[in-house]
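Commentary on secondary and tertiary structure
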Amino acid sequence: GGRDREREREKERRAPWTATGRPEASMRKEKILRLAKGFRGRAKNCFRIAINRVEKALQYQYSDRRRKKREFRRLWIQQINAATRQHGVIYSHFMHTLSKDNIKLDRKILSELAINEPYSFKALVDRVKFMRGIE
């Protein structure tokens, strides 16, 4: 119809190097939809919904990076506690005595020792017992 002819004339009048759209907008859309890949339902291919889901996903990502550190610390404490109680020492006494005795091992290393090097860990527990006057 008439509209198509008007568009054709407009294209002819426009200089060939003139940008026809907004490339930054389409690049933003591509970026959001690329981040939304793997989401369920329309959140993966409908831009309006994808924006919200991607933003929320990035918030979860940020907070979970911090939560991960907390959860690992809790796990290490549980592992150390279980290992020290096998030798008859409470976790808090064990850690306090280690710090008093200037033994600077963090919880990650202590839990790895407890699991993979039980004899080395027992030596530490024995040192703690000696310092506390137990035995």
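Computed from a prediction, not measured in an experiment: that's the story for all the values here.

1. Here's the deal with helix 4 (residues 91-100)
Taken together, the buried positions of helix 4 are occupied by Tyr 91, Phe 94, Met 95, Thr 97 and Leu 98. An end-on view of helix 4 places all buried positions within 165° of arc, on one side of the element. Within helix 4, the exposed residues directed more than 90 degrees away from the buried face are Ser 99 and Lys 100. In the core, the buried residues of helix 4 are packed alongside helix 3 (47-86), helix 5 (107-116) and helix 6 (118-132).

2. A look at the side chain of Ser 111
Mapped onto the elements of the fold, Ser 111 is located in helix 5. At a separation of 3.0 Å, a polar atom in the side chain of Ser 111 contacts the main-chain carbonyl oxygen of Lys 108. Among all residues touching Ser 111, those that are not within four sequence positions of it are Trp 76, Gln 79 and Ile 80.

3. Points about the nonpolar core
In terms of nonpolar packing, the biggest core is built from 14 residues, with Ile 80, Phe 94, Met 95, Leu 98, Leu 110, Phe 121 and Leu 124 touching the most fellow members. Elements supplying a minimum of two residues to this core: helix 3, helix 4, helix 5 and helix 6. For Phe 94, the residues in contact, after removing those within four places along its chain, are Ile 80, Thr 84, Val 89, Leu 110, Phe 121, Leu 124, Val 125 and Val 128. In terms of nonpolar packing, the next biggest core, distinct from the first, is built from five residues, Ile 32, Ala 36, Phe 47 and Val 54 among them.

4. Concerning the packing of helix 3 against helix 5
For the pair helix 3 and helix 5, the least separation of the axes is 9 Å and the interaxial angle reads 45°. The angle between helix 3 and helix 5 places the two elements in the oblique class. Like other packed secondary-structure pairs, helix 3 and helix 5 cross with a definite hand, here left-handed. On the side of helix 3, the interface is formed by Arg 73, Trp 76, Ile 77, Gln 79, Ile 80 and Ala 83, while helix 5 contributes Arg 107, Lys 108, Leu 110, Ser 111, Ala 114 and Ile 115. A class-by-class count of the residues in the contact of helix 3 with helix 5 yields seven nonpolar, two polar and three charged.

5. A few points about the packing of aromatic side chains
The description of an aromatic ring pair uses the distance of the two centres, along with the angle that the planes make with each other. Within the structure shown, the criterion is met by two aromatic pairs. Ring geometry for Phe 72 against Trp 76: centres 5.9 Å apart, planes inclined by 40°, an arrangement best described as tilted. Residue Phe 72 and its partner Trp 76 are both found in helix 3; the two are separated by four residues, about one turn of the helix. For Phe 72, a relative accessible area of 37% gives the class partly exposed.

Each value, and the rule that gives it
- Residues numbered from 1 in each chain as written.
- Predicted model: local features only at pLDDT ≥ 70, side-chain atom pairs only at ≥ 80, totals over all residues.
- Heavy atoms only, no water.
- Buried < 20%, exposed > 50% of the residue type's maximum accessible area, 1.4 Å probe, protein only.
- Helix = DSSP H or I, 4+ residues; strand = E, 2+ residues; numbered from the N terminus.
- Arc of directions from axis to C-beta.
- Contact = heavy atoms within 4.5 Å.
- Polar contact = N/O pair within 3.5 Å; in protein donor to acceptor, adjacent residues only side chain to side chain.
- Core = buried A, V, L, I, M, F, W, Y, C linked by side-chain atoms within 4.5 Å.
- Axes fitted to C-alpha atoms, helices over the stretch in contact; angles between N-to-C directions.
- Parallel < 35°, antiparallel > 145°, perpendicular 65-115°, else oblique.
- Left-handed = near helix turned anticlockwise from the far one by under 90°.
- Nonpolar A, V, L, I, M, F, W, Y, C, P; charged D, E, K, R; others polar.
- Phe/Tyr/Trp six-rings, centres within 6.5 Å; stacked < 30°, edge-to-face > 60°.

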